[in-house]
Amino acid sequence: MISIKKIIQESIDVKKLILNDKELVKRINDAAKMCVKSLKKGGKVHFCGNGGSAADAQHLAAELSGRFYYDRLPLNAEALHVNTSYLTAVANDYSYDMIYARMIQASAKKGDVLVGISTSGNSANILNAIEEAKKMGVKTIGMTGEKGGKMADCCDILINVPSSCTPRIQEAHIMIGHIICEIIEATMFPR
């Protein structure tokens, strides 16, 4: 039988590990600062992920381009997968592994930020996007699970949640994403 309390406790335990990891907390803050620096210079924050991570990417882009806590001007942020005609055409004509790299080529510019979200850190389409972003002078933030996968070696900032359990990683990713959005909003539009 599934224990609801056990699942909630596991989620709390992962968040406590994050809370007590000074270096990880610093990297979360550094990621927010990187986004602020780009946005203040007219840059854009691009998000990408697969499955639940794609949903998180879209959610976080909306927090910035819409609003988070309060009314303010919109910020330039977008999830790279929201155009399904583009997505299916590129997946069909090239490969699924190229969907995000080609969108970065089309819409990113030097000084922008790419946030790649992958619980394993090994998603080929996200790795290709990071590689393309780096060629273009786009800063990269990777949100992964504990080991970071291949993304550990290629992101400017790695936010690796201390867990190997996909649901717990995803729960922490949205918490961390919300923290980053709150810092960005409060810095860009202080009250």
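Preceding block: the structure.
Let me begin by describing the structure that accompanies this report.

How each quantity is defined
Residues numbered from 1 in each chain as written. Predicted model: local features only at pLDDT ≥ 70, side-chain atom pairs only at ≥ 80, totals over all residues. Heavy atoms only, no water. Phe/Tyr/Trp six-rings, centres within 6.5 Å; stacked < 30°, edge-to-face > 60°. Buried < 20%, exposed > 50% of the residue type's maximum accessible area, 1.4 Å probe, protein only. Lys NZ or Arg CZ within 6 Å of the ring centre and 35° of its normal. Helix = DSSP H or I, 4+ residues; strand = E, 2+ residues; numbered from the N terminus. Contact = heavy atoms within 4.5 Å. Core = buried A, V, L, I, M, F, W, Y, C linked by side-chain atoms within 4.5 Å. Patch = residues over 30% accessible without salt bridge, like charges linked within 9 Å, V, L, I, M, F, W, Y side chains within 5 Å. Areas by Shrake-Rupley, 256 points an atom, 1.4 Å probe, with all protein chains shown as cover. Salt bridge = Lys/Arg side-chain N within 4 Å of Asp/Glu carboxyl O. Lys, Arg positive; Asp, Glu negative; His and termini not counted. Charge placed at Lys NZ, Arg CZ, Asp CG, Glu CD. Pairing = 2+ DSSP bridges. Axes fitted to C-alpha atoms, helices over the stretch in contact; angles between N-to-C directions. Parallel < 35°, antiparallel > 145°, perpendicular 65-115°, else oblique. Left-handed = near helix turned anticlockwise from the far one by under 90°. Nonpolar A, V, L, I, M, F, W, Y, C, P; charged D, E, K, R; others polar. Right-handed = clockwise from strand over helix to strand, strands pointing away.

1. Describing the packing of aromatic side chains
Each aromatic ring pair is described using two quantities: the centre-to-centre distance and the angle formed by the ring planes.
For step 1, the next point in the chain: Inspection of the entire model under this criterion finds one aromatic pair.
For step 2, the next point in the chain: Relative to Y69, the ring of F68 has its centre 5.0 Å away and its plane inclined at 85°; by these criteria the two rings are edge-to-face.
For step 3, the next point in the chain: Given a relative accessible area of 54%, Y69 falls into the exposed group.
For step 4, the next point in the chain: Between the NZ or CZ atom of R102 and the centre of the ring of Y94, over which it lies, the distance is 4.1 Å.

2. Some points on the side chain of K44
For step 1, the next point in the chain: Here K44 lies in the loop between α2 (22-40) and β1 (45-49).
For step 2, the next point in the chain: Other than its neighbours up to four places away in sequence, K44 contacts S38, L39, N76, A77, E78, K109, D112 and V113.

3. Overview of the nonpolar core
For step 1, the next point in the chain: Of all hydrophobic cores here, the largest spans 38 residues; its most connected members are F47, I141, I159 and I184.
For step 2, the next point in the chain: If you look at the next biggest cluster of nonpolar residues, it comprises 20 residues, including L87, V90, A108 and C154.

4. Some points on a positive patch on the surface
For step 1, the next point in the chain: Among the surface-exposed residues, K37, K41, K110 and K139 lie close enough to one another that they form a single positively charged patch.
For step 2, the next point in the chain: Counting through the fold element by element, K139 comes out in strand β4 (residues 139-144).

5. Concerning the sheet that holds strand β5 (residues 157-160)
Note: strands within a sheet are paired through backbone hydrogen bonds, in either parallel or antiparallel orientation.
For step 1, the next point in the chain: Read across the sheet, five strands follow the order β2-β1-β3-β4-β5 without closing on themselves; strand pairing throughout is parallel. Both outer strands of the open sheet, β2 (77-79) and β5, are each paired with one neighbouring strand and no more. If you compare each strand with its neighbour and ignore which way they point, the axes differ by 15° on average.
For step 2, the next point in the chain: Alignment of β1 against strand β3 (residues 113-117), held across five bridges, turns out to be parallel. Residue pairing across strands places H46 opposite L114, the latter belonging to β3.
For step 3, the next point in the chain: Helix-sheet contacts for helix α3 (residues 52-65) involve β1, β2 and β3, and the interaxial angle to β1 is about 160°.

6. Some thoughts on the packing of helix α5 (residues 99-107) against helix α6 (residues 124-136)
To characterise two packed helices, one gives the angle between the axes of the helices and the distance between these axes.
For step 1, the next point in the chain: Running from N to C, α5 and α6 point in directions that differ by 25°, and their axes come no closer than 7 Å. If you check the angle between α5 and α6, you find them roughly parallel. Relative to α6, the crossing made by α5 is right-handed. In contact with I99, Y100, A101, I104 and Q105 of α5, α6 contributes N125, I126, N128, A129, E132, A133 and M136.
For step 2, the next point in the chain: Grouping the amino acids of the contact of α5 with α6 by side-chain chemistry returns eight nonpolar, three polar and one charged.

7. Focus: the pairing of β5
For step 1, the next point in the chain: Taking every second residue as pointing to the same face, both faces of β5 are buried, with I157 and I159 on one and L158 and N160 on the other.
For step 2, the next point in the chain: Here four bridges tie β4 to β5, and the two strands are oriented parallel to one another. Across the sheet, M143 pairs through a bridge with I159, a residue of β5.

8. Here's the deal with the pattern of salt bridges
For step 1, the next point in the chain: Within the structure shown, the criterion is met by twelve salt bridges.
For step 2, the next point in the chain: With a shortest N-O distance of 2.9 Å, E78 and K44 are connected by a salt bridge. Separated by 34 residues along the polypeptide, E78 in strand β2 and K44 in the loop between α2 and β1 bring together distant segments of the chain.
For step 3, the next point in the chain: Taking the relative accessible area as the measure of exposure, K44 reaches 12% and is therefore buried.
For step 4, the next point in the chain: Here the salt bridges do not stand alone but share partners, grouping K6, E10, R168 and E171 into one network.

9. Side note on the pairing of β1
Walk down a regular strand and you will see the side chains alternate between the two sheet faces.
For step 1, the next point in the chain: The buried fraction of β1 is high, at five of five residues.
For step 2, the next point in the chain: Where burial is concerned, the two faces of β1 agree: the one with V45, F47 and G49 and the one with H46 and C48 are both buried.
For step 3, the next point in the chain: In this structure, β1 lies alongside β2, joined through three bridges in parallel fashion. Residue pairing in the sheet places V45 in a bridge with A77 of β2.
For step 4, the next point in the chain: Read as a crossover between parallel neighbours, the route from β1 over α3 to β2 is right-handed.

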